[in-house]
Amino acid sequence: MVAALAHERYISLTTFKRNGTPVSTPVWVVSDDGKRLLVWSGERTWKVRRLRRDPQVLVAPASFRGTECGERIAAQARVVPDPGIDALLRHKYGWQKRLLDRVNRRTNAGAFATVEIVDPGLRLDVNI
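Residues numbered from 1 in each chain as written. Predicted model: local features only at pLDDT ≥ 70, side-chain atom pairs only at ≥ 80, totals over all residues. Heavy atoms only, no water.

A. A look at the overall build of the protein. The helix and strand inventory of the protein stands at three helices and six strands. Every one of the 128 residues in the protein was classed for burial, and the buried ones make up 43%. Residue pairs at least 24 apart in sequence account for 68% of intrachain contacts in the protein once pairs closer than 6 positions are excluded. Total accessible area on the protein is roughly 7500 Å²; 53% of this is exposed by carbon and sulfur atoms. (Helix = DSSP H or I, 4+ residues; strand = E, 2+ residues; numbered from the N terminus. Buried < 20%, exposed > 50% of the residue type's maximum accessible area, 1.4 Å probe, protein only. Contact = heavy atoms within 4.5 Å. Areas by Shrake-Rupley, 256 points an atom, 1.4 Å probe, with all protein chains shown as cover.)

B. Representation of helix α1 (residues 46–53). What α1 keeps buried is the set K47, V48, R50 and L51. One side of α1 holds all its buried residues, which, seen down the axis, span an arc of 165°. Packing partners of the buried residues in α1 comprise β1 (10–16), β2 (22–28), β3 (37–42), β5 (73–80) and β6 (112–118). (Arc of directions from axis to C-beta.)

C. Highlighting the environment of R36. By the element assignment, R36 lies in the loop between β2 and β3. Separated by 32 residues in the primary sequence, R36 and A4 place their C-alpha atoms 9.2 Å from one another. In contact with R36, other than residues within four places in its own chain, are V30, S31, P83, E116, I117 and V118.

D. Geometry of the pairing of β2. Summarising the sheet, β1 and β2 pair through seven bridges and their orientation is antiparallel. Note on β2: the bridge partner recorded for I11 is V27. Count of turn residues in the β1/β2 antiparallel hairpin: five residues, of which G20 carries a positive phi of about 95°. (Pairing = 2+ DSSP bridges.)

E. Spatial organisation of the nonpolar core. Within the largest apolar cluster, 27 residues are counted, with the highest numbers of intra-cluster contacts made by I11, L37, V39, V59, L89, V115 and I117. Those elements that place two or more of their residues in this core are β1, β2, β3, α1, β4 (56–61), β5, α2 (85–93) and β6. The element that contributes the greatest number of residues to this core is β3, accounting for four residues. (Core = buried A, V, L, I, M, F, W, Y, C linked by side-chain atoms within 4.5 Å.)

F. Representation of the sheet that holds β3 within the structure. Read from one edge to the other, the open sheet built from six strands follows the order β2-β1-β4-β5-β6-β3, with strand pairing classed as antiparallel. Every other strand in the sheet has two partners, leaving β2 and β3 as the edge strands with one partner each. Averaged over all adjacent pairs, the angle separating strand axes in this sheet is 35°, with direction ignored. As defined by bridge partners, β1 adjoins β4 across four bridges and the pair is classed as antiparallel. Paired with L13 across the bridge in β4 is V59. α1 rests against β1, β2, β3, β5 and β6 of the sheet, and its axis sits at about 55° to β1. Contacts from α2 reach β2, β3 and β6, with the element oriented near 100° to β3. (Axes fitted to C-alpha atoms, helices over the stretch in contact; angles between N-to-C directions.)

What follows is the structure, given as structure tokens:
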């Protein structure tokens, strides 16, 4: 169950290229309801582009460098309207999130996306 990873500091999010090649990225993770994971990323990053095309992903506990520290779990992901992820990230990651916000403001980083990750059996509404 993917929600069990909500307490992890980092998870490895694996998305798939068109040819099926897996691409893993370490990301911060939070949960707002204990049933789904939420990940924050740049809207134009490759991982967001790949999961918009193919919602099948793999997640696993990981180090900040992306070294997986546990078993991979199959899941589904999609971009959702922001459910207030900024406050959740600030609460969990504190000064690191505040520092990243400051850097992003200075570099004019652009728009961000909130990615919802759920167990494969849950239906994803594709209209969002």
